[in-house]
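# A look at the structure
The chain contents come next:
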Amino acid sequence: MLLALADATGSHMARQALASGGHTVGEARDAQGLRAALRAEILPDAILLEDSLPGADSLELLAEIKRTHPLISVVLAVARPSPASLLQALHAGAVDMLPYPLDAQELLTAVARALERKRVMQGWLKRETGRITGPLSRRISEMESILGQVDDGILVLDKQYCIVTINQALRSNFGLEGAELTGRSVDKVFDHPALLDALRSEDSGERQEIQSPQGRVFHMRVSRIPEVGTVASFHDISYLKELDKLKGDFVNTVSHDLRSPLTAILGYVELIERAGKVNPQQLEFIHRVKSSVHATTDMIDDLLKLGRVEVGALDEQAPVDMRLLVANVMSDLQPKIQERNQTLRMRKGRSLPLVMGSRSQLNQLVDNLLGNAVKYTQEGGKVYVTLEVEQHQLILRVADNGPGIPLEEQARIFEKFYRASNVGEMTPGTGLGLAIVKTIVENHRGRIWVDSKPGEGAMFTVVLPVHEPERKAMPARERTAPQKAARPKAK
Ligand code: ADP
């Protein structure tokens with residue numbers, strides 16, 4: 001019970017009467033004190049408000065209390081009660097009115113009525129809230145049990161990256177069973193830099209592969225939901241990975257086993273020419289056998305290379321000087337360039353940082369891109385290589401003025417075995433070169449795409465994160481994947 005009384009004598013008497021009735025009493029001597037009491041953690045059940053309380057008009061104060069704390073009953077104490085003032089008090093929301101000087105018995109009766117009114121109001125409010133929110137709570141618990149049953153992991157975060165929902169599948173895969181996680185910051189719950197990077201990444205909607213501590217692999221998809229925050233789903237693709245590995249192992253074994261008989265065939269075909277005179281038709285057949293064997297050997301070699309890079313392992317990682325690497329590949333290509341009367345030039349930035357990765361894989365990458373540019377560009381054509389650095393990323397561009405690639409096929413040229421319609425039957429190739437290149441780029445956490453106008457040439461852009469030893473010490477949140485440099489188009 002709060003006594004908002006300016007009159008010290010009245011206040012003293014009321015305090016004693018209420019204490020004898022078993023009530024706990026607080027006091028406020030002016031409007032400011034009353035407002036402060038209404039901001040406190042424990043609120044009064046009822047207020048005895050004197051009409052001459054300094055600081056505000058009592059009826060306005062009464063209306064204010066009813067607006068902000070409708071459950072608190074207010075009894076008005078007035079010096080000169082009249083039917084008109086009673087009516088005004090009732091309109092403003094008072095539950096009772098007592099005249100001065102206060103009578104102890106009347107006060108206790110009025111307070112008992114006020115408290116009873118509050119009890120009734122509270123009961124009604126509880127029933128109403130239950131009626132309105134009941135279906136909602138049922139719906140929420142239904143949703144929670146559905147989320148608990150699904151095999152995919154689900155994580156919902158609010159705008160501050162605190163956990164709103166985390167389902168059972170995700171908990172069990174990341175060893176988070178049992179703990180209360182709702183409301184906790186996601187950084188404090190997951191010790192998984194790649195997962196945290198993906199959650200904060202600007203590339204909302206992109207899929208990413210994430211490995212759980214137990215070794216399972218998930219396709220993680222992050223979506224931003226306006227007004228809610230972030231939702232991430234985790235689909236277990238471990239079995240697909242397993243299948244992929246089995247397929248890779250199979251292709252590797254078969255390729256190895258095929259290579260030796262092919263080498264034998266080639267050896268014997270060469271011997272036929274030396275064994276005795278062959279007529280022109282036989283010579284033509286020998287050449288056909290040779291070129292078929294060469295094409296098959298190329299295919300096997302590419303399959304084996306792809307198998308090796310697909311394992312993904314950057315086992316022999318080292319800081320690599322891409323400038324030197326490009327220069328070496330260019331010099332290896334010189335005989336072909338001269339034979340085809342082409343021009344091959346390199347343009348490079350002044351100081352180029354190193355790239356951390358596998359020298360042999362990066363060499364393969366440059367070799368395939370430059371090899372294609374030379375192969376597909378007509379005699380007398382031009383090939384340009386540029387190397388530059390932009391925002392902690394090394395950008396390699398290989399451009400030519402060859403036939404270019406049809407627009408509708410550009411997205412497919414990185415697929416295995418895909419050869420675009422710009423390539424004639426006679427142009428040798430396996431359709432695996434760019435698949436190898438793409439896998440190598442991904443192994444190095446980079447990006448690749450092509451720009452090409454048919455008839456005007458093609459330009460392949462590779463973006464690789466540069467080697468910055470001091471950035472390694474950064475906290476997980478600040479470690480980001482390479483940005484889309486120069487052009488936001490993927491692949
Ligand atoms: P391959 O060269 O063995 O056919 P790739 O995977 O290296 O296989 O390339 C796939 C296809 O992309 C090629 O068949 C060709 O159609 C196209 N292509 C690649 N590079 C170029 C280029 N520089 N100019 C035009 N087309 C290209």
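Structural data are supplied above this passage.
The following refers to the structure shown.

Let us now look at the overall build of the protein. When helices and strands are tallied, the protein shows 13 helices and 17 strands. At 40 Å, the protein has a C-alpha radius of gyration far larger than the 23 Å of a compact globule built from 491 residues. The principal-axis extents of the C-alpha atoms in the protein amount to approximately 140 × 50 × 40 Å. Taken across its 491 residues, the protein has 39% of its residues classed as buried. Taking the contacts inside the protein whose residues are at least 6 apart along the sequence as the reference set, 61% of them involve residues at least 24 apart.

Moving on to the pairing of strand β15 (residues 393-400). With 8 of 8 residues buried, β15 lies mostly within the body of the structure. In β15, alternate side chains face the same way, and those of Gln393, Ile395, Arg397 and Ala399 on one face and Leu394, Leu396, Val398 and Asp400 on the other are all buried. In this sheet, β15 lies alongside strand β14 (residues 382-390) in antiparallel orientation, the contact comprising 8 bridges. The residue bridging Tyr384 from the neighbouring strand is Ala399, located in β15. Between β14 and β15, which follow one another and run antiparallel, lie 2 residues, and Gln391 among them has a positive phi close to 45 degrees. Across 8 bridges, the pairing between β15 and strand β17 (residues 457-465) is antiparallel. Bridged to Leu394 within β17 is Leu464.

The omega torsion across Tyr100 and Pro101 is -15 degrees, close enough to zero to call that bond cis. The residue Pro101 is located in the loop between β5 (96-99) and α5 (104-149) in this model. In the Ramachandran plot, Glu227 falls in the positive-phi region, its phi being about 70 degrees despite a non-glycine side chain. Topologically, Glu227 is positioned in the loop between β9 (217-225) and β10 (229-236). With relative accessibility at 70%, the residue Glu227 sits in the exposed group.

With that settled, consider the sheet that holds β15. Pairing in this open sheet of 5 strands is mixed, and the strands run β12-β14-β15-β17-β16 from one edge to the other. The outermost strands of the open sheet, each flanked by one partner alone, are β12 (343-348) and β16 (447-453). Strand-to-strand, the axes of this sheet are offset by a mean angle of 15 degrees, without reference to chain direction. Along the sheet face, helix α11 (residues 322-339) touches β12, β14, β15 and β17 and points at about 170 degrees away from the line of β12.

For Ala63, the location among the structural elements is in helix α3 (residues 58-68). Residue Ala63 is classed as partly exposed on the basis of its relative accessible area of 30%. Spatially, the C-alpha atom of Ala63 lies 116 Å from that of Val278, the residues being 215 residues apart in sequence.

Counting residues in each nonpolar core, the largest one holds 46 residues, and the members touching the most others are Leu370 and Leu396. Among the secondary structure elements, those contributing two or more residues to this core are α10 (280-310), α11, α12 (359-376), β14, β15, α13 (433-443), β16 and β17. Once residues lying within four places of it in the same chain are set aside, the contact partners of Leu396 are Val326, Leu365, Val366, Leu369, Val385, Thr386, Leu387, Phe460, Thr461 and Val462. Leu170, Leu196, Ala198 and Ile210 belong to the second largest nonpolar core, which has 22 residues in total.

Here we come to the site of the ligand. Lining the immediate surroundings of the ligand are 20 residues, of which Asn372, Tyr376, Arg419, Thr430 and Leu434 lie closest. At 3.1 Å, a side-chain N or O of Lys375 approaches an oxygen atom of the ligand. The contact in question runs from an oxygen atom of the ligand to an N or O atom on the backbone of Gly433, over 3.2 Å. At the level of elements, α12 and α13 are the ones that each hand at least two residues to the shell around the ligand. Element by element, the count of residues in the shell around the ligand is highest for α12, at 4 residues. In terms of residue class, the shell around the ligand is made up of 10 nonpolar, 7 polar and 3 charged.

When you line up the elements, Gly178 lands in the loop between α6 (168-173) and α7 (186-189). Remark: the alpha-carbon pair of Gly178 and Ala79, spanning 99 residues in sequence, is separated by 63 Å.

This paragraph deals with the side chain of Arg397. For Arg397, the location among the structural elements is in strand β15. In this structure the side chain of Arg397 is engaged in a polar contact, spanning 2.6 Å, whose partner is the side chain of Glu388.

It is worth spelling out the packing of α11 against α12 at this point. It is at 10 Å that the axes of α11 and α12 come closest, and there the two elements cross at 40 degrees. Comparing the axis directions of α11 and α12 gives the class oblique. The way α11 lies across α12 gives a crossing that is right-handed. Listed contacts from α12 to Met322, Leu325, Val326, Val329, Met330, Leu333, Lys336 and Ile337 of α11 are Arg359, Leu362, Asn363, Val366, Asp367, Leu370, Gly371 and Val374. Considered class by class, the residues forming the contact of α11 with α12 number 11 nonpolar, 2 polar and 3 charged.

Basis of the calculations
- Residues numbered from 1 in each chain as written.
- Predicted model: local features only at pLDDT ≥ 70, side-chain atom pairs only at ≥ 80, totals over all residues.
- Heavy atoms only, no water.
- Helix = DSSP H or I, 4+ residues; strand = E, 2+ residues; numbered from the N terminus.
- Rg over C-alpha atoms; globule rule 2.2 N^0.38 Å.
- Buried < 20%, exposed > 50% of the residue type's maximum accessible area, 1.4 Å probe, protein only.
- Contact = heavy atoms within 4.5 Å.
- Pairing = 2+ DSSP bridges.
- Axes fitted to C-alpha atoms, helices over the stretch in contact; angles between N-to-C directions.
- Core = buried A, V, L, I, M, F, W, Y, C linked by side-chain atoms within 4.5 Å.
- Near = heavy atom within 4 Å.
- Polar contact = N/O pair within 3.5 Å; in protein donor to acceptor, adjacent residues only side chain to side chain.
- Nonpolar A, V, L, I, M, F, W, Y, C, P; charged D, E, K, R; others polar.
- Parallel < 35°, antiparallel > 145°, perpendicular 65-115°, else oblique.
- Left-handed = near helix turned anticlockwise from the far one by under 90°.

These results come straight from atomic positions and should not be treated as a statement about function.
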